[in-house]
Amino acid sequence: MAKGLFVTFEGGDGSGKTTVMEELERRLSRRRISFLHTREPGGSVIAEEIRNVILDRKNTAMDERTEALLYAASRRQHLIEIVLPALRQGQLVLSDRYLDSSLAYQGYARGIGMDEVYAINLFATEKILPDLTFYLDLSPEQGLLRIAKNRDREVNRLDLEKENFHRKVYEGYQILLKKYPDRIKRIDATKSVEEEVDEIEGILLKRISS
Ligand code: TYD
């Protein structure tokens, strides 16, 4: 059976994942490298419905473990319906967020504990981890500044969290970088989009051809 490549993009809010992924995908298309772009939470009809519940600004009463379970549920549905079929066909899958987001946001920043959140995600994903992860490293202060400047961007429930929460998300990702040094590549997100994508493209092309 053909085996594709599962690549995920991670970062705090405002770290520029969307812009960087768009530029990378333009370049891949120019090289005639096909890929599947997807995102979490969401990426399939059922998973998008779960996304709406999680991110709805009126759901301020949501319990943190409920939130973690909903992300894991959305992840599983997306994995089964979208990611795994594409990987089985040998495709390159590029996902805007995956499991590391839950570890950083729910596990570390919300304080549930990374191990506990990892445990429910093991159940949800049956241990399917990305082959490669790009983490866009930007301080939460700079990230929030970018969000404030980008008025077109929709403001969701998690964007409304206090600065302290985003600082914790940042710390959570730093722990993950240390824990998974082979899988997670750190990209300096203070650089220009062109420079960031040069680096990502280089690593990715090398991996595709190996
Ligand atoms: P989204 O609008 O997709 O933001 P972004 O462009 O930053 O990815 O909203 C997703 C939000 O959900 C974002 O604040 C991160 C958060 N999130 C978690 O807390 N846990 C998760 O497992 C995932 C996938 C996302």
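Residues numbered from 1 in each chain as written. Predicted model: local features only at pLDDT ≥ 70, side-chain atom pairs only at ≥ 80, totals over all residues. Heavy atoms only, no water.

Caption draft 1: How the structure looks around the environment of alanine 109. Position of alanine 109 relative to the elements: it lies in helix H4 (residues 99-109). Note on alanine 109: relative accessible area 12%, which makes it buried. Along the backbone, alanine 109 and isoleucine 54 are 55 residues apart, and their C-alpha atoms lie at a distance of 16 Å. If near-sequence neighbours (up to four positions away) are discounted, alanine 109 is found in contact with Ala104, Phe165, Lys168 and Val169. (Helix = DSSP H or I, 4+ residues; strand = E, 2+ residues; numbered from the N terminus. Buried < 20%, exposed > 50% of the residue type's maximum accessible area, 1.4 Å probe, protein only. Contact = heavy atoms within 4.5 Å.)

Caption draft 2: Examining the packing of helix H2 (residues 45-55) against helix H3 (residues 64-88) more closely. Orientation of H2 relative to H3, taken along the N-to-C sense of each, is 160 degrees, at an axis distance of 8 Å. Considering their axes alone, H2 and H3 lie roughly antiparallel with respect to each other. Crossing geometry of H2 relative to H3 is assigned as left-handed. Only Glu67, Leu70, Tyr71, Ala73, Ser74, Gln77, His78 and Glu81 of H3 make contact with H2, whose side of the interface consists of Ile46, Ala47, Ile50, Val53, Ile54 and Leu55. Across the contact of H2 with H3, the residue classes tally to 9 nonpolar, 3 polar and 2 charged. (Axes fitted to C-alpha atoms, helices over the stretch in contact; angles between N-to-C directions. Parallel < 35°, antiparallel > 145°, perpendicular 65-115°, else oblique. Left-handed = near helix turned anticlockwise from the far one by under 90°. Nonpolar A, V, L, I, M, F, W, Y, C, P; charged D, E, K, R; others polar.)

Caption draft 3: Expanded view of the pattern of salt bridges. In this structure the tally under the stated criterion is 18 salt bridges. Glutamate 40 is the partner of arginine 75 in a salt bridge, and the nearest nitrogen-oxygen pair spans 2.8 Å. One end of the pair, arginine 75, is in helix H3; the other, glutamate 40, is in the loop between strand S2 (36-39) and H2, and 35 residues separate them in sequence. Measuring nitrogen to oxygen at the nearest pair gives 3.0 Å for the salt bridge that ties arginine 76 to glutamate 126. Residue arginine 76 is located in helix H3, and its partner glutamate 126 is located in the loop between helix H5 (114-125) and strand S4 (132-137); the two are separated by 50 residues in the primary sequence. One network of salt bridges, in which partners are shared, links Glu23, Arg26, Arg27, Arg31, Glu194, Asp198 and Glu201. (Salt bridge = Lys/Arg side-chain N within 4 Å of Asp/Glu carboxyl O.)

Caption draft 4: Layout of the site of the ligand. In the vicinity of the ligand there are 16 residues, among which Asp13, Arg75, Arg97, Ser102 and Gln106 approach most closely. At 2.9 Å from an oxygen atom of the ligand is found a side-chain nitrogen or oxygen belonging to arginine 75. In the complex, 93% of the free accessible area of the ligand, which totals 540 Å², lies under the protein chains. For the shell around the ligand, the secondary-structure elements that each account for two or more residues are H2, H3 and H4. At 4 residues, H4 tops the list of elements feeding residues into the shell around the ligand. By residue class, the composition of the shell around the ligand is 5 nonpolar, 4 polar and 7 charged. (Near = heavy atom within 4 Å. Polar contact = N/O pair within 3.5 Å; in protein donor to acceptor, adjacent residues only side chain to side chain. Areas by Shrake-Rupley, 256 points an atom, 1.4 Å probe, with all protein chains shown as cover.)

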